[in-house]
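# Observations on the three-dimensional arrangement
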Amino acid sequence: MATGIVTPTVALRSARGVEVWAPDQQQKQLNFIPDPSFTPDQSKSCRAIVYSPNGRFLAWANGATVQLCEVANGWRTIASLPRPKACFLQFSSRGTYLMTWEVYTENPKDVVKEKPNLYIYRAETGEEVFSAIQKRHHDWQMHWSSDESLAALLVGGEVLFYDHTDPAGAGFQRVSKRLGGLRNGGVSMAPGPSPPHVAVYIPGTKGGPSMCRLFKYPCLEMNQPVASKSFFQADKVDMMWNRRGTGLILMTSTDVDQSGVSYYGKQALHYMTPKGDSCSVQLNAEGPIHDVAWSPKSNEFCVVYGFMPARATLFNLKCDAVYEFEPGNRNSIYYNGFGNLIVFGGFGNLPGYIETWDLNRRKQLASFKAPDTTMLEWSPTGDKFLTATTAPRLRMANGFKVWHYSGALLSEYSWTGELLEVIWQRCDPASLKETTITDEKVTGIVSATPQASKQKYVPPGARNNIVITGGGQTIDLRPPIPGLPPGYRSSVQIKQAKKNKKKAAAPAPDLAAADGTPGDTSEAKPSKKKPTKNAGAAKGPSSSKPDSGGIVDLANGNLASTVSDSAIANNNDDEGSETKAVGETKKSITGDLEKDKKIRAIYKKLKGIKQLKEKVERGESLNATQTIKLNSETELLEQLESLKLS
């Protein structure tokens, strides 16, 4: 791990309250412990927690108040804001203001029926500076320019602008500009220098296209856009700016795909710039768009799309594909704060696949799994990230892990009860230095999380009756219908077995005949004589020619063309598959009765070893004798091979 990098703290919100954990400076290995200078909030109904962008303030809603404290000054409490119903918190772009939002309700018994549910407070003092009725759940917050000189709020289909550079010093006291006609639409303010660009989404009317327009504040007339893009099939639009405000990605989606191709609706990507350019982003595979993310360097963006295994592509600012990652099981993208590392995650309906890539060298650094991951977040230092299993997505085995970008597990913590959220403390970007990426292997710890078994589940009734050949073929030794003998075959199965025999015998005219004479293939042809009722099940095996490399169709009691040694070893007890009829002698394997006896004894021992392996996989312990028997498998296989070759 890189030296000289200070690991920030993490804040945890759970069913038992809010806590802050800091790295233990006494340990060489990364280890988090509860910060002794922070007094935990033991409220059991905490709904939200957030750091300010520069990491100076921490705020959380505990169901009674919104607590606002200063991090650097010993977690000093600045204010306890009287917002018991607050469920969303957010700071302004520079952390000057704290916004709170609660679900809008009306009480007919109150004198004032319509009460504000959106409040803005000054972070340094906790003073309330603004309130409004905001019924929208989506896009509820105030949008800010990078220097907080301009704020915009979408209320009732109209965008209200508050200019904080007004010479009169009105600020929130007076609306400086209005932009209407956006019912069910959206607004987004570009980062970068002021005056900023403003993007608005205008939903289409029946039969008309939807539209996104860019304006340069304060020129907000509908005939004054600097860029415009229209599109059909858009019930919702997500607008994503890069950090410099030089590019805007529009991800359009419909609730229902009328073509019936996708259950989740239809998606598309469009691109716009303040210079007036606009285009559609062309993807090279059919399927859903799983995730889109801008590089913090603002010179490229990445898209994960297509049916699994999904594709991932890097695009430049001209929407040209500059790099194609290998297809993989992924559905999310995470850039670190410097844009030199990227993580692809396969979460949700995927079992926690994680890939880390060095973007400068276009090189994959690690690939591993973090099962049951519900959230992932990079550390502000850019050299490590945390994964967490949180409620309500998963209510069992909650906890979080911290990983190095090389794939090493640095620390792991299990949580008693429900863990709701884990966030890193934010840092001032100016105080951080870009991490140098190397191929150095970092020593981590071994995860205590039990790994899921990779074996295919076999029901209890089928255990010791399922044989998997060397080629991966699964043979079920159980009768096809309960109550029938193991050798029973239907007329369809008999017909299919004859066809298989013909195919197997055609390219091998020199197979040994039933009487042991080389080159005699007469027995390979299906017999025209109708089998008797009692001998029908046994006739198949008697007319085949098994040898050391042959395959046994044990499911129907018939010998087909070839079988692996493991199939014979696991079927040692089913002696009926190697007899012509009940009461007859066993058929010779090598032609030497003494060798046959030894081979059958070895098969029996190998079957016992297989049963011991199953005990070990179930977590059962073995005694000394069983352990010795288990370790003798290699020796027995060598003996078996030598007996067959001799």
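Our structure is the block above this text.
First things first, this report covers the structure right here in the doc. (Residues numbered from 1 in each chain as written. Predicted model: local features only at pLDDT ≥ 70, side-chain atom pairs only at ≥ 80, totals over all residues. Heavy atoms only, no water.)

Tallying secondary structure elements over the protein chain gives 6 helices and 40 strands in all. Sorting the 646 residues of the protein chain into buried and exposed places 45% on the buried side. For the protein chain, contacts bridging at least 24 residues in sequence account for 43% of all contacts bridging at least 6. With an accessible surface of roughly 34,000 Å², the protein chain has 52% of that area assigned to carbon and sulfur atoms. (Helix = DSSP H or I, 4+ residues; strand = E, 2+ residues; numbered from the N terminus. Buried < 20%, exposed > 50% of the residue type's maximum accessible area, 1.4 Å probe, protein only. Contact = heavy atoms within 4.5 Å. Areas by Shrake-Rupley, 256 points an atom, 1.4 Å probe, with all protein chains shown as cover.)

Position of Pro371 among the secondary structure elements: in the loop between strand 31 (363–369) and strand 32 (375–378). Taking the C-alpha atoms as reference, Pro371 lies 9.7 Å from Thr387; in sequence the two are 16 residues apart. For Pro371, the contacting residues outside a window of four places in its chain are Pro351 and Thr389.

What follows is about the pairing of strand 7 (residues 76–81). Inspection of the sheet shows strand 6 (residues 66–70) paired to strand 7 by 5 bridges, in the antiparallel sense. Across the sheet, the residue bridging to Cys69 is Thr77, located in strand 7. The antiparallel pairing of strand 6 with strand 7 creates a hairpin that spans 5 residues between the two strands, and Gly74 there sits at a positive phi of about 65°. (Pairing = 2+ DSSP bridges.)

A separate point is helix 4 (residues 593–617). Along its 25 residues, helix 4 runs 37 Å from first to last C-alpha, staying within 8% of the 36 Å computed at 1.5 Å per residue. For helix 4, the full list of buried residues reads Asp596, Ile599, Arg600, Ile602, Tyr603, Leu606, Lys607, Gly608, Ile609 and Leu612. A positive phi of about 90° marks Gly619, the residue just after helix 4. (Expected span 1.5 Å × (residues − 1).)

This structure, assessed with the given rule, holds 19 salt bridges. Among the ionic pairs, Arg83 bridges to Glu102, the shortest N-O distance being 3.5 Å. Placement of Arg83 in the loop between strand 7 and strand 8 (88–91) and of Glu102 in the loop between strand 9 (97–101) and strand 10 (118–122) is noted, with a sequence separation of 19 residues between them. Per residue, the accessibility class of Arg83 equals that of Glu102, and both read buried. (Salt bridge = Lys/Arg side-chain N within 4 Å of Asp/Glu carboxyl O.)

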